[in-house]
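Overview (structure and organization)
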Amino acid sequence: QRSGNKNKNKQKKQNHQHNTAGSSFKGAIPELGAITIGDTPSQTNAEPDAPENDCVVYCSDVMEKLIFIQSNGCSGKDQKKQKSSSSSTILVMDCGSSVHLFCNPDLLVEVYESDTTLTVRCNAGLKTTRWRGRLPGFGWVWLLHGGVANIVSLSRTKETFRVTYDSALGNSFDVFKKDGSVVKFTERSNRLYCFDLCDRTEESTILITTVDDNKLKFSGQDVAKADQARTLQQRVGRPSTADLIRYIHDKLIKNCPVTTQDVRNAEKIYGPDLGCLKGKTVRTKPPPIRVQHNEIPPSIMDHYKNVTLSVDIMKVTGIPFLMTISRDIKFGTAGRLETMQTHHILKHFKRIIGTYAVRGFKVTIMLTDNQFESMRDDIANLHVQLHVVAREDHVPEAERFNRTVKDRIRALYNILPYTHFPPVLIAEMVYSAVFWRNMFPLKGGISPTQSPSELILNRSLDAQVHCKVGLGDYVQTHEEHDNTMESRTIGAIALRPANDGSFYFLNLSTGRRIIRRSFTHLPMPQGVIDQVHRLARRAKASRQLTFTNTAGEDLDTLYADLDRDEDDLPLDVVNAGVTDDDDDDDDDDSEWNGDNDSHSESTGNSHDDNDNNNDGTDGNYYNILSGDEEDEEDNN
């Protein structure tokens with residue numbers, strides 16, 4: 001009896017403590033003294049973006065909160081692999097916590113020691129901290145050194161962001177950010193809802209249309225009926241959508257379980273039936289190729305015929321790229337370096353010099369840092385004078401160009417639905433960033449109307465030619481075919497425009513780059529996303545996007561105090577020159593059979609097939625490396 005009474009008293013005491021910690025703190029706690037509501041921390045450490053109505057509780061510079069600290073969201077097997085919870089990038093959504101509490105300081109910026117002490121009551125006892133930090137894009141959080149998890153309070157999150165949950169649709173807590181993207185806290189094997197900042201499972205409806213996004217526009221019943229309509233279409237011989245609607249409307253199918261609207265909904269969710277695309281696609285006559293010729297004003301040739309080139313090497317996720325930018329003309333190039341050997345870099349220089357020479361320009365000077373000093377004699381043989389800056393100095397024009405490209409790559413990286421990128425896709429993001437930068441006249445350039453691409457490559461922007469599909473979109477490319485049973489389309493990811501209205505694509509089956517003119521654009525099914533991740537795992541690609549120089553220094557830190565590039569200047573800037581009147585690892589090695597009936601979708605975008613795969617020698621040196629890309633038909 002004495003033992004039982006003692007346990008009851010202990011339990012009552014614990015319940016009283018927890019109830020007190022979770023209350024509105026209008027009374028007093030013996031160990032904390034008098035309590036006031038609404039006090040603010042010292043103004044010296046004030047947080048500029050903290051909400052004014054954030055009614056937190058301070059007790060003579062001591063604040064007490066209730067939190068339920070869990071592990072870092074990894075399973076037991078994963079926890080053994082993780083060296084320290086302080087390096088965890090996993091965020092755990094917790095409805096039992098009344099405060100955001102992080103353990104990894106590397107995730108935070110503007111970390112400082114507050115005048116207020118946070119006392120946390122949790123399943124591990126009492127914990128105290130005075131450290132605060134800001135999670136970019138989220139807000140201010142507490143930092144507990146030596147903690148075991150990065151806890152995100154559901155109660156606090158809903159005060160700033162819209163949060164939804166549907167167990168039947170996605171089974172995730174969806175946090176809607178102000179930029180339109182959605183952060184998904186998905187359920188792990190340990191039944192915690194987590195979001196991994198490394199995996200970056202973040203979806204956006206701005207750029208890529210996925211099948212799951214389309215399903216969200218319909219009720220669960222409508223989605224089920226659309227699935228039934230698509231199954232019926234497959235079972236009755238795969239007629240076209242228009243024919244199936246006519247059959248149902250004319251009551252040619254007795255006891256038909258679906259309506260014409262269900263068929264239309266299936267088309268909106270999944271797009272055209274994939275079997276119809278692969279079996280019924282026909283070739284169309286290619287349009288005539290029109291070769292444009294953009295004249296360079298004589299005034300520009302008189303002043304800027306001799307070109308000064310700024311050169312640097314930038315590594316993106318460990319992949320080295322030779323980056324060049326011409327002074328005044330501001331034409332940028334990027335070439336992937338398979339090796340760092342002199343002969344390989346010289347091959348790139350020869351192509352760059354030849355690209356300028358085609359339009360009458362002559363590269364006379366190269367500005368580089370000390371890493372190119374050993375190539376002085378070889379560059380002199382190209383009739384180019386090498387200028388090497390002093391030790392520890394850098395080439396500002398090249399570094400500003402690198403930062404502009406870096407920012408655009410990061411924008412692409414964060415908008416795509418993939419969480420693990422194969423190297424070929426990383427390289428294409430670099431090329432795409434350079435391609436689109438060159439396609440528009442730049443502020444501070446030599447012409448307000450002619451882009452660098454138009455001046456150097458004789459190529460101007462045409463929306464009907466260059467804007468038919470965006471990088472990362474899922475398509476079915478139209479292949480050359482005959483009367484055999486071979487598939488007439490293949491699944492691919494769009495990369496960037498090529499020449500004459502064709503596009504580069506990533507073949508999802510082989511992981512190689514191909515070039516095609518004709519394709520059908522589809523919504524993104526989950527199987528395609530999984531296949532991209534599988535290609536990345538096969539290539540043992542890094543999961544993190546990093547930008548460094550050849551010495552391994554982080555460019556975000558290195559370029560922190562660098563002036564902005566000229567294309568970011570105000571619109572009233574004076575032109576520089578003359579005007580004239582741009583994780584399932586088991587199936588990594590298995591063949592992808594993702595072209596099934598669940599991978600289908602919408603618009604028909606078509607020109608004729610280009611029967612020749614690109615070998616990299618298309619005059620596009622500014623954003624491809626000739627002969628070093630893994631094209632589908634490459635002899636290498």
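Reading the values: rules and limits
Residues numbered from 1 in each chain as written. Predicted model: local features only at pLDDT ≥ 70, side-chain atom pairs only at ≥ 80, totals over all residues. Heavy atoms only, no water. Helix = DSSP H or I, 4+ residues; strand = E, 2+ residues; numbered from the N terminus. Buried < 20%, exposed > 50% of the residue type's maximum accessible area, 1.4 Å probe, protein only. Areas by Shrake-Rupley, 256 points an atom, 1.4 Å probe, with all protein chains shown as cover. Axes fitted to C-alpha atoms, helices over the stretch in contact; angles between N-to-C directions. Parallel < 35°, antiparallel > 145°, perpendicular 65-115°, else oblique. Left-handed = near helix turned anticlockwise from the far one by under 90°. Contact = heavy atoms within 4.5 Å. Nonpolar A, V, L, I, M, F, W, Y, C, P; charged D, E, K, R; others polar. Core = buried A, V, L, I, M, F, W, Y, C linked by side-chain atoms within 4.5 Å. Pairing = 2+ DSSP bridges. Expected span 1.5 Å × (residues − 1). pLDDT = per-residue confidence, 0-100. Salt bridge = Lys/Arg side-chain N within 4 Å of Asp/Glu carboxyl O. Arc of directions from axis to C-beta.

Along the backbone of the protein there are 17 helices and 26 strands. Here the protein holds 636 residues, and the buried ones make up 49% of them. Just so you have it, the protein exposes about 31,200 Å², and 49% of that area is on carbon and sulfur atoms.

A few words now on the packing of helix α6 (residues 241-249) against helix α7 (residues 260-270). Closest axis-to-axis distance for the α6/α7 pair is 9 Å, and the angle between their directions is 165°. It follows that α6 is roughly antiparallel to α7 by the angle criterion. As α6 packs across α7, the resulting crossing turns out to be right-handed. Seen from α6, the contacting residues are Thr 241, Leu 244, Ile 245, Ile 248 and His 249; seen from α7, they are Thr 260, Val 263, Arg 264 and Glu 267. Residues that form the contact of α6 with α7 fall into these classes: 4 nonpolar, 3 polar and 2 charged.

Attention now goes to the environment of Ala 398. Along the chain, Ala 398 turns up in helix α12 (residues 396-415). Separated by 72 residues in the primary sequence, Ala 398 and Ser 326 have C-alpha atoms spaced 8.9 Å apart.

Judged by nonpolar contacts, the single largest core of 44 residues is most densely connected at Tyr 418, Met 429 and Ile 493. Residue assignment for this core shows that the elements contributing at least two residues are β15 (306-316), β16 (319-326), α12, α13 (423-438), β21 (489-497), β22 (503-507) and α16 (526-538). Sort the elements by how many residues they give to this core and α13 lands first, with 9 residues. Judged by nonpolar contacts, the second largest core, of 31 residues, contains Val 307, Met 366, Val 384 and Ile 456.

Looking now at the pairing of β21. Within β21, 9 of the 9 residues are buried, which leaves the element mostly enclosed by the surrounding structure. Here strand β20 (residues 474-478) pairs with β21 via 5 bridges, running antiparallel. Counted as the bridge partner of Tyr 474 is Ile 493 from β21. Strand direction decides the pairing type here: β21 and β22, joined by 5 bridges, are antiparallel.

What follows concerns the environment of Val 141. Structurally, the position occupied by Val 141 is in strand β8 (residues 139-143). A sequence separation of 40 residues divides Val 141 from Leu 101, and the C-alpha atoms of the two residues are 6.0 Å apart. With residues near it in sequence (within four places) discarded, Val 141 still touches His 100, Phe 102, Leu 108, Arg 132 and Gly 133.

The next point concerns α13. With 16 residues, α13 extends 23 Å from end C-alpha to end C-alpha; this agrees with the ideal 22 Å at 1.5 Å per step. Across the 16 residues of α13, 14 count as buried, placing the element largely inside the fold.

Considering every residue of the protein, the mean pLDDT works out to 74; 67% of them sit at 70 or more. Predicted confidence for residues 48-60 stays below pLDDT 50, and this span has 27 contacts to residues more than four positions away or in other chains. Between residues 569-586, whose pLDDT stays under 50, and residues either more than four places distant or in other chains, the model counts 43 contacts.

To continue, consider the pairing of strand β17 (residues 332-336). Within β17, 5 of the 5 residues are buried, which leaves it mostly tucked inside the rest of the structure. Going residue by residue along β17, you find Gly 332, Ala 334 and Arg 336 tucked away on one face and Thr 333 and Gly 335 tucked away on the opposite face as well. Sheet topology note: the β16/β17 ladder contains 5 bridges and is antiparallel. For Ile 325, the partnering residue across the bridge sits in β17 and is Gly 332. The hairpin turn running from β16 into β17, its antiparallel successor, is 5 residues long, and Asp 328 in that turn takes a positive phi close to 70°.

Attention now moves to the pattern of salt bridges. One pass over the structure, following the stated rule, counts 13 salt bridges. In this structure, the salt-bridge partner of Lys 184 is Asp 174, at a minimum N-O distance of 3.2 Å. With Lys 184 in strand β12 (residues 181-187) and Asp 174 in strand β11 (residues 172-176), this residue pair connects regions lying 10 residues apart in the sequence. Here Lys 184 matches Asp 174 in class, with each residue buried. A salt bridge links Glu 428 to Arg 513; the nearest nitrogen and oxygen atoms lie 3.4 Å apart. Placement of the pair is Glu 428 in helix α13 and Arg 513 in strand β23 (residues 513-516), with a sequence separation of 85 residues. Overall, the relative accessible area of 0% leaves Glu 428 in the buried class. The buried category is assigned to Arg 513, whose relative accessible area is 0%. Residues joined by salt bridges that share partners form a network here, namely Lys 406, Asp 407 and Arg 410.

Further remarks concern α6. Since the α-helix advances by 3.6 residues per turn, residues separated by three or four positions end up pointing in the same direction. Of the residues making up α6, those classed as buried are Thr 241, Leu 244, Ile 245 and Ile 248. Taken around the axis of α6, the buried residues stretch over an arc of 100°, which confines them to a single face. Packed against the buried residues of α6 are α5 (220-235) and α7. Looking at the residues trailing α6, positive phi occurs at Lys 251, about 60°.

Among the secondary structure elements, Val 263 is positioned in helix α7. On a C-alpha basis, the gap between Val 263 and Ile 245 in space is 6.9 Å, while along the polypeptide they are 18 residues apart.

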